[in-house]
Amino acid sequence: MTGTPRKAVAEAIATFLFVLAIIAAVNSESPLTPLAIGFTLAVLVYSTGHISGAHLNPAVSVGVFLRGGLSVVDFVSYLVAQFVGGTLAALASLAVWPAGGEAKVIEVGPAFFVEALFTLILVWVVLNTATSKDTDGNSFYGIAIGGTVFIGAATVGSISGGGFNPAVALGLSVGGYFDWASLWLYIVAPVVGGVIAAVLFRLLNTDDAKKIGA
């Protein structure tokens, strides 16, 4: 398998594993849950990055696309793969854990703000550590990306549930952890954050900007 199909399958598998690990961590009720989620993302980024770039997150793919790092075909295939992976993970989790007993209740204003803000930070970190020519070949990008999610989950998880990822949000909605009525927020806010991060990257790295969708 080569090309776009190979990359899409890698995105689907890694997103499946990420969402399944999140559900496992949440059900553990451990105070280390944010750390477990961050480290899971880090190891999946390291293990999948050489195939697809290891986005595992539609908001990240939006940012990379606008930065000029994805073709239109790859972009669409990544989005489909990530949402499919997240959904299948939630369904598979039901074989081990019961569906979430009570969906996360959020206040729209604060939740939208922190979801957009921390996704902006996440996509900013991804673009500058995993796609920039100035940091090409580094070995710290996975820890930086996973560490960002750990910080977000640990600091504002109580406000929004710490999604920062539409595919994760879909999976957690399927699993009963997030309210379906709030799914729009978990999609729109991260995409807003991803778009802003991409715009900032292009403004500050004009020598590294690529044609969008090329």
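Residues numbered from 1 in each chain as written. Predicted model: local features only at pLDDT ≥ 70, side-chain atom pairs only at ≥ 80, totals over all residues. Heavy atoms only, no water.

Observations concerning unusual backbone geometry
- With a phi close to 55°, Ala 54 is a non-glycine residue in the positive phi region.
- As for its position among the elements, Ala 54 is in the loop between α2 (33-52) and α3 (58-67).
- On the basis of relative accessible area, Ala 54 is assigned to the buried category, the value being 7%.
- Non-glycine residue Phe 164 carries a positive phi angle of around 55°.
- With respect to the helices, strands and loops of the structure, Phe 164 is situated in the loop between α6 (141-160) and α7 (166-174). (Helix = DSSP H or I, 4+ residues; strand = E, 2+ residues; numbered from the N terminus. Buried < 20%, exposed > 50% of the residue type's maximum accessible area, 1.4 Å probe, protein only.)

Structural notes on the environment of Leu 17
- Structurally, Leu 17 can be placed in helix α1 (residues 3-28).
- Separated by 24 residues in the primary sequence, Leu 17 and Leu 41 place their C-alpha atoms 9.3 Å from one another.

Structural notes on the side chain of Asn 138
- Residue placement: Asn 138 occurs in the loop between α5 (108-131) and α6.
- Since its relative accessible area comes to 15%, Asn 138 is described here as buried.

A look at the packing of aromatic side chains
- By the definition in use, this model includes five aromatic pairs.
- Geometrically, the ring pair formed by Phe 118 and Phe 164 is tilted, given 5.8 Å between the ring centres and 35° between the ring planes. Of this pair, Phe 118 sits in helix α5 while Phe 164 sits in the loop between α6 and α7, and the two are 46 residues apart along the sequence.
- Residue Phe 118 is classed as buried on the basis of its relative accessible area, which comes to 14%.
- Taking relative accessible area as the criterion, Phe 164 reaches 3% and is therefore assigned buried. (Phe/Tyr/Trp six-rings, centres within 6.5 Å; stacked < 30°, edge-to-face > 60°.)

Focus on the side chain of Thr 48
- On the secondary structure map, Thr 48 appears in helix α2.
- According to the relative accessible area criterion, Thr 48 is buried, its value standing at 7%.

Comments concerning the pattern of salt bridges
- In this structure the tally under the stated criterion is four salt bridges.
- One salt bridge connects Lys 7 with Asp 74, and the closest N-O pair in it is separated by 2.6 Å. Taken together, the residues Lys 7 in helix α1 and Asp 74 in helix α4 (residues 72-93) connect sequence positions 67 residues apart.
- Relative accessible area serves as the criterion here: at 21%, Lys 7 is assigned to the partly exposed category.
- Judged by its relative accessible area of 8%, Asp 74 is buried.
- A salt bridge links Arg 67 to Asp 208; the shortest N-O distance between them is 3.0 Å. You can see Arg 67 sitting in helix α3 and its partner Asp 208 sitting in the segment after α8 (183-204), a full 141 residues away along the chain. Across this residue pair, the class does not change: Arg 67 and Asp 208 are buried. (Salt bridge = Lys/Arg side-chain N within 4 Å of Asp/Glu carboxyl O.)

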